[in-house]
Amino acid sequence: MEEGLPGILCLGYTTCLGMEVKMETNFKNQRVLITGANGFIGSHMVERMVKEQAQVSVFVRDSSDLWRLDEVKKDLDIYRTDLGIWSWSIKT
């Protein structure tokens, strides 16, 4: 799989940000972690990974509304935390 830009991984698309991307990775039974999973882009990534049968863990803020993840919540390991602080702890 190729990366479009540093830090941006484009999954399953023929073009991403104007660049050609090859989708060759099988995510079935692979563990993935998605931060910002309740946002617009993150929620689509979560849905895609669940569809690909990956084992999905997500980091979201304590105050986050998870309505975008309602259909896939049962398939997720959800960790409420704040990655914006230096000393953080994971809560389930």
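Here the residue numbering is sequential within each chain, running from 1 through the sequence in written order. Predicted model: local features are reported for residues with pLDDT of at least 70 only, side-chain atom pairs are reported and counted for 80 or more only, and whole-chain, interface and lining totals are derived from all residues. Think of the side-chain values as coming from all heavy atoms in the structure, minus any hydrogens and water.

Trainee: So, the packing of aromatic side chains: which residues are in play, and what are the values?
Mentor: Here the aromatic set is Phe, Tyr and Trp, taking the six-membered ring for Trp, and pairing holds for ring centres within 6.5 Å; pairs whose planes are under 30 degrees apart are stacked, those over 60 apart are edge-to-face, and all others are tilted. Taken as a whole and judged by the stated rule, the model has 1 aromatic pair. Here the aromatic rings of F59 and Y79 are separated by 6.0 Å at their centres, their planes lie at 85°, and the arrangement is edge-to-face. Of the two residues, F59 sits in strand β4 (residues 55-60) while Y79 sits in strand β5 (residues 76-80), which places them 20 residues apart along the sequence. Any residue under 20% of the maximum accessible area for its type is buried, any over 50% is exposed, and the rest in between are partly exposed; the area is computed with a 1.4 Å probe on protein chains only. Its relative accessible area of 12% is what places F59 among the buried residues. Put simply, DSSP marks the helices as runs of H or I at least four residues long and the strands as runs of E at least two long, and each gets a number from the N terminus on.

Trainee: Can you break down the sheet that holds β4 residue by residue, with the values?
Mentor: Across a sheet, paired strands are connected by hydrogen bonds in the backbone, their directions being either parallel or antiparallel. Strand order in this open sheet of 3 strands is β3-β4-β5, and the pairing throughout is parallel. At either end of the open sheet lies a strand with only one pairing partner, and these are β3 (31-35) and β5. Put simply, the sheet's adjacent strands are angled 20° from each other on average, direction ignored. Between any two strands, at least two bridges found by DSSP are needed for them to pair. In this structure, β3 lies alongside β4, joined through 5 bridges in parallel fashion. Between the N-to-C directions of two axes lies an angle of 0 to 180 degrees, each axis being a line fitted to C-alpha atoms and, for a helix, fitted only over the stretch in contact.

Trainee: Hey, could you go over the nonpolar core for me, with residue numbers and the actual values?
Mentor: Each nonpolar core is a collection of buried residues, namely Ala, Val, Leu, Ile, Met, Phe, Trp, Tyr and Cys, held together in the definition by side-chain atoms within 4.5 Å. Counting residues in hydrophobic clusters, the biggest one holds 15 residues, and the most contacted among them are V46, V56 and L76. Of all the secondary-structure elements, those providing two or more residues to this core are β3, α1 (40-51) and β4. Working rule for contacts: check all heavy atoms of both residues, and any pair within 4.5 Å makes them a contact. Apart from the residues within four sequence positions on either side, V46 is in contact with I34, A37, V56, V58, L69, V72 and L76.

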